[in-house]
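# Observations on the three-dimensional arrangement
So you can see what is in the structure, the chains are spelled out below.
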Amino acid sequence: MSVHILGIRHHGPGSARNVKNFLEALQPDIVLVEGPPEADTILPWASHEALKPPVAILVYQPDNPQHSCFYPFAEYSPEWQAIGYAQRQHIPVRFMDLPLTHVFAIEKEKQAAAEAALRQQEEAGQPGGTTDGPAPEVSAAKVNSLVEETGDLIAVSDEEEDLPAHLLTQATFRHDPIAYLAEAAGHDDGERWWEHMFEYRQADDQVFDAVSDAICALREELPSRDSRMEQLREAWMRKMIRQAEKEMFTRIAVICGAWHAPALKNMPTQKADNDLLKGLPKVKIDCTWIPWTYSRLSYESGYGAGVPSPGWYQHIWDHPTDDGTRWMALVAKLFREQQKDTSVAHVLEAVRLANALASLRQYSRPGLEELNEATLSILCNGEDVLMQLIRDELIVSNRIGQVPSDIPKPPLQADIERLQKKLRLPQTADFKDYTLDLRKETDLERSIFLHRLELLGIRWGDRQETSGKGTFKEQWRLQWDPSFSVDIIEKGSWGNTVLEAVTQYVLDVSGKTATLRDICQMLESALPAELPKVVDALILRINNLAAAAGDVLQLLAVIPSLVNITRYGNVRKTDADLVMNIVESMISRVCISLPAACTAVGEDAALELLEQFHAMNDAINLLQHADLTTAWTGTLQAISANSQSAPVIAGYASRLLFDFKILDSETLFNRFSMAMSVANTPAVAAAWLEGFLKGSGTLLLLDDTLWNMVCSWVGQLENDIFMQILPLLRRTFSNFTAPERKKLGEKVRTGSSSGPVQNTMASGIDDTRAALGIPVVMQLLGFFHPENQAE
């Protein structure tokens, strides 16, 4: 009876090749692999022809799906090769790590203990984060699960909190213990040292013995990094080995992280391990296979056992003897696809340079760093931008795995995948843009599906701005993230189909939401998702909240979104009349109460109200409803004529009345003159002018009378007063479009200062001084200086 401990690096192509060769030579009768024993039931699916890596085992709590973790596998993962060998040889293969039913329960107990300690501190009057004692034990558990070198887990339950200093020191060491070996060998980069020593190595003679001896020396010489969780894991692994021996297997192959190898070779007594494992808590968990991506397998995703270059590792797994020629050919192909000329001579010279660099650094073959340097120098001509393209497409890669359609999975996930297949919306690791024409049946169904997922909180699709007019088009950008599987499982508690789940979920959320704006936003999302039951419930909820709302400004804020909802009436075949009754009632209440709400308003509140006015006016114009337009213009007249109204609002109301052709030019001229007269303080006049010119400078371009009035008013200001109101003026004119600003600058240059203004403004104005000051003022406001206009 023999036990062979193979210490490996997770997701290492060299380690995977060594494991494969060792198993073929040993021919064991059982294989034990580091992983969750709960997943033994789904291991047979690994041999299914439709299951193609990268894939991952998703383990989660059914009653709390966000408490979950992933066990990813690439084709070049040593564990994947060990599983594949066992299944091809029809010998038993088992996972042997500490069951997650215990891991999750332990973390739950620690979290509860930390929360209890925090409550005790608060009851004692101590701030939660300022105690001088040690940090709660839960932080140590987070360190163990995140930065363990052998960590196969990616926790997605909660965002990680900041760790205390003593744990950060421990985390830094635990993250890369191999760095000590690299430093002893004279290398400053542990990652590169390991790659050249093990991942690129072709000869596999005694490699596992060498790794075991090195790690054994590290564990003896370096400060202890053993945590309780690690002790439990290694005790359980030894228990599984003893179990295999008890079942009379004679050649036992054990595939584990290199750090654990010495602990599994030098076993303590069985009683010591049993005592350590006695009385562990449990929770119920479930597991399944899900597709994975190379981007999520990289370090940058936050995966503790990730690799820096998943795509490159796939390349050296497929072509272990490549001297860089095949890789450079891939780079050249990528550049040609991007319309960048790359010749065969470029490729040959880059390969020669990479091999020369490897020789200078005393490496047996060029690694990724040498190839990147050669690529940057010869193929990219020193341009870093092109290296980013290589990184995204080749070094990391956008590969996504596949799982069989008939694999056991939650009902909601099965329904989502069915709809994805039906609507031809495949899951892709890279983003893909779709322009949907809602007049077409398939595109309309796609839109409905994506809107329903968005309501469920599954953000697979990101809506983009579309060019052109009309509401029959939608632009979506889709990019699949494996973590969506957790969200799908969580939302599966609301129903087994997308329609059922989104209906129940939105009804529950809306029932707990008391904010009118939030309910209106939900209604706006529910209509394109075609959820009639939800729409009826939300409309009733809005009606009740609106009836009880005493704040007219709250109604003013939600009316534009409700009006926007009515535009779906034609394209999506929904009944816009369901919303119109509420809109008419709310607009009537707003028109009655708004004039009083515009008095005694502070400057900041007035500016916020001005934006709401702008949106409200757009909504009225969109409705094209004669009675509502009449009520709105009546409200504007009351606000404009009231001397107590906020000046910026009164100015904007006058402008809108002129746009509605309620005010003629003469009446508008009189109101403008009164607002700009010396009887008003300059700050009030500037605020009125800001509201009047809100959004466009076209009036100043087309109406010389108004233009001359503004110029004359600015010209008569004293220097100190002018400096006080300059920020208001600059803010007003800076909001104009670039063409308007250019035209106004040209108008300043031509000096259009003559006209009726001389007869209407106060006499005694120094016209010459005003004319000289206008160019300076316009330059301060952001327009071109007349002398520099030609430039």
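Since the structure is predicted, the reported quantities are computational estimates derived from the model, not experimental observations. (Residues numbered from 1 in each chain as written. Predicted model: local features only at pLDDT ≥ 70, side-chain atom pairs only at ≥ 80, totals over all residues. Heavy atoms only, no water.)

## Quick look at the overall build of the protein chain
- Scanning the protein chain from N- to C-terminus turns up 36 helices and eleven strands.
- Each of the 791 residues in the protein chain was classed as buried or not, and the buried ones make up 51%.
- Taking the contacts inside the protein chain whose residues are at least 6 apart along the sequence as the reference set, 77% of them involve residues at least 24 apart.
- When the accessible surface of the protein chain is totalled, it reaches about 37000 Å², and 50% of it is carbon and sulfur. (Helix = DSSP H or I, 4+ residues; strand = E, 2+ residues; numbered from the N terminus. Buried < 20%, exposed > 50% of the residue type's maximum accessible area, 1.4 Å probe, protein only. Contact = heavy atoms within 4.5 Å. Areas by Shrake-Rupley, 256 points an atom, 1.4 Å probe, with all protein chains shown as cover.)

## What about the pairing of strand β11 (residues 473-478)?
- Sheet topology note: the strand β9 (residues 432-437)/β11 ladder contains six bridges and is antiparallel. Among the inter-strand pairings, Leu436 is bridged to a residue of β11, identified as Glu474.
- Sheet topology places strand β10 (residues 461-464) next to β11; four bridges connect them, and they run antiparallel. Following the sheet pairing, Asp462 is matched in β11 by Arg477. (Pairing = 2+ DSSP bridges.)

## Some points on the sheet that holds strand β2 (residues 30-33)
- Taken in spatial order, the four strands of this open sheet run β1-β7-β2-β5, and their pairing is parallel. This sheet does not close on itself; its edge strands, each paired only once, are β1 (2-8) and β5 (93-95). Pairs of neighbouring strands in the sheet enclose a mean axial angle of 20°, with direction left out of account.
- Bridge analysis of β1 against strand β7 (residues 251-257) gives seven bridges, and the strand direction is parallel. Along β7, the bridge assignment pairs Leu6 with Ile255.
- The strands touched by helix α2 (residues 78-89) within the sheet are β1, β2, β5 and β7, with β2 carrying the most contacts at an inclination of about 155°. (Axes fitted to C-alpha atoms, helices over the stretch in contact; angles between N-to-C directions.)

## Digging into the environment of Arg477
- Among the structural elements, Arg477 can be located in strand β11.
- The exposure class of Arg477 is partly exposed, given its relative accessible area of 30%.
- For the pair Arg477 and Phe431, spaced 46 residues apart in the sequence, the C-alpha separation amounts to 6.3 Å.
- Contacts of Arg477, omitting those with residues within four sequence positions, involve Phe431, Lys432, Asp433, Trp460, Gly461, Asp462 and Gln464.

## Considering the nonpolar core
- Judged by nonpolar contacts, the single largest core of 79 residues is most densely connected at Phe449, Trp460, Leu562, Met586, Ile587, Phe613 and Ile649.
- The biggest single contributor to this core is helix α25 (residues 577-597), with nine residues.
- Contact partners of Met586, with chain neighbours within four places excluded, come to Leu516, Ala546, Leu555, Val558, Ile559 and Leu562.
- Of all hydrophobic cores here, the second largest spans 73 residues; its members include Leu43, Ala82, Met96 and Val403. (Core = buried A, V, L, I, M, F, W, Y, C linked by side-chain atoms within 4.5 Å.)

## Digging into the packing of helix α27 (residues 626-641) against helix α28 (residues 647-659)
- Between α27 and α28, whose axes approach to 8 Å, the crossing angle comes to 135°. Between α27 and α28, the crossing angle belongs to the class labelled oblique. Note on packing geometry: the crossing formed by α27 with α28 is left-handed. Note on element contacts: α28 touches α27 through Ile649, Ala650, Ala653, Ser654, Leu656 and Leu657, opposite Thr633, Leu636, Gln637, Ile639 and Ser640.
- A breakdown of the residues in the contact of α27 with α28 according to their chemical character gives seven nonpolar, four polar and no charged. (Parallel < 35°, antiparallel > 145°, perpendicular 65-115°, else oblique. Left-handed = near helix turned anticlockwise from the far one by under 90°. Nonpolar A, V, L, I, M, F, W, Y, C, P; charged D, E, K, R; others polar.)

## A short note on the packing of helix α12 (residues 310-318) against helix α16 (residues 384-396)
- Here α12 crosses α16 at 45°, and the two axes come no closer than 5 Å. The angle between α12 and α16 places the two elements in the oblique class. Residues Pro310, Gly311 and Trp312 of α12 lie in contact with α16, whose contacting residues are Leu394, Ile395 and Val396.
- Of the residues contributing to the contact of α12 with α16, the split by class is five nonpolar, one polar and no charged.

## Thoughts on the side chain of Asp487
- Along the polypeptide, Asp487 turns up in helix α19 (residues 484-491).
- Despite its burial, Asp487 pairs with no opposite charge, the nearest such side chain being Lys491 at 5.4 Å.
- When residues no more than four places from it in sequence are discounted, the contact partners of Asp487 are Gln66, Gly457 and Ile458. (Lys, Arg positive; Asp, Glu negative; His and termini not counted. Salt bridge = Lys/Arg side-chain N within 4 Å of Asp/Glu carboxyl O.)

## Some thoughts on the sheet that holds β10
- Read across the sheet, three strands follow the order β9-β11-β10 without closing on themselves; strand pairing throughout is antiparallel. Each end of this open sheet is capped by a strand with a single partner; those strands are β9 and β10. Strand-to-strand twist in this sheet, taken as the mean axis angle between neighbours without regard to direction, amounts to 30°.
- Lying on the sheet, helix α18 (residues 441-455) is in contact with β9, β10 and β11; it crosses β9 at an angle near 120°.

## With respect to the pattern of salt bridges
- The full count for this structure, using the stated rule, is 23 salt bridges.
- For the salt bridge of Glu490 with Lys491, the shortest nitrogen-to-oxygen distance reads 3.7 Å.
- A residue is classified by how much of its surface remains accessible, and Glu490, at 28% relative accessible area, is partly exposed.
- A single network of salt bridges, built from pairs that share partners, joins Arg192, Arg361, Glu369, Glu370 and Glu373.

## Digging into helix α17 (residues 411-422)
- For α17, with twelve residues, the first-to-last C-alpha span of 16 Å sits near the 16 Å given by 1.5 Å per residue.
- On the buried face of α17, the contacting elements are β8 (286-291), α18, α19 and α20 (498-512).
- Directly beyond the C-terminal end of α17, a positive phi value near 55° is found at Arg424. (Expected span 1.5 Å × (residues − 1).)

## Here we look at the pairing of strand β4 (residues 64-73)
- Here β4 lies mainly inside the structure; eight of its ten residues are buried.
- In this structure, strand β3 (residues 55-61) lies alongside β4, joined through seven bridges in antiparallel fashion. Opposite Ile57, over in β4, you have Tyr71 as the bridge partner.
- Between β3 and β4, which pair antiparallel in sequence order, lie two residues.

## So, unusual backbone geometry
- Cis geometry is adopted by the peptide bond preceding Pro54, which originates at Pro53 and carries an omega value of 10°.
- For Pro54, the location among the structural elements is in the loop between β2 and β3.
- The backbone of Glu530 shows a phi angle near 50°, a positive value even though the residue is not glycine.
- Tracing the backbone through its elements, the reader meets Glu530 in the loop between α21 (516-526) and α22 (532-548).
- Its relative accessible area of 28% is what places Glu530 among the partly exposed residues.

## Focus on the environment of Pro528
- Mapping Pro528 onto the fold places it in the loop between α21 and α22.
- What makes Pro528 buried here is its relative accessible area of 0%.
- Taking the C-alpha atoms as reference, Pro528 lies 9.6 Å from Leu450; in sequence the two are 78 residues apart.

## Examining the packing of aromatic side chains
- What the rule picks out here adds up to 15 aromatic pairs.
- Summarising the aromatic geometry, the rings of Phe22 and Phe208 are spaced 5.7 Å apart at their centres and angled 85° between planes, so their arrangement reads as edge-to-face. A residue pair is termed long-range when its members are at least 10 positions apart, and Phe22 in helix α1 (residues 13-26) and Phe208 in helix α8 (residues 207-221) qualify at 186 residues.
- Overall, the relative accessible area of 26% leaves Phe22 in the partly exposed class.
- Judged by relative accessible area, Phe208 falls into the buried class, the value being 9%.
- With centroids separated by 6.3 Å and ring planes inclined at 85°, the aromatic side chains of Tyr200 and Trp312 adopt a geometry described as edge-to-face. (Phe/Tyr/Trp six-rings, centres within 6.5 Å; stacked < 30°, edge-to-face > 60°.)

## Examining the confidence of the model for the protein chain
- Here the protein chain shows a mean pLDDT of 78. Residues at 70 or above account for 82%.
- Taken together, the stretch residues 753-765 has pLDDT below 50 and engages in eleven contacts with residues farther than four places along the chain or on a different chain.
- Across residues 784-791, where pLDDT falls below 50, the model places nine contacts with residues more than four positions away in sequence or in other chains. (pLDDT = per-residue confidence, 0-100.)

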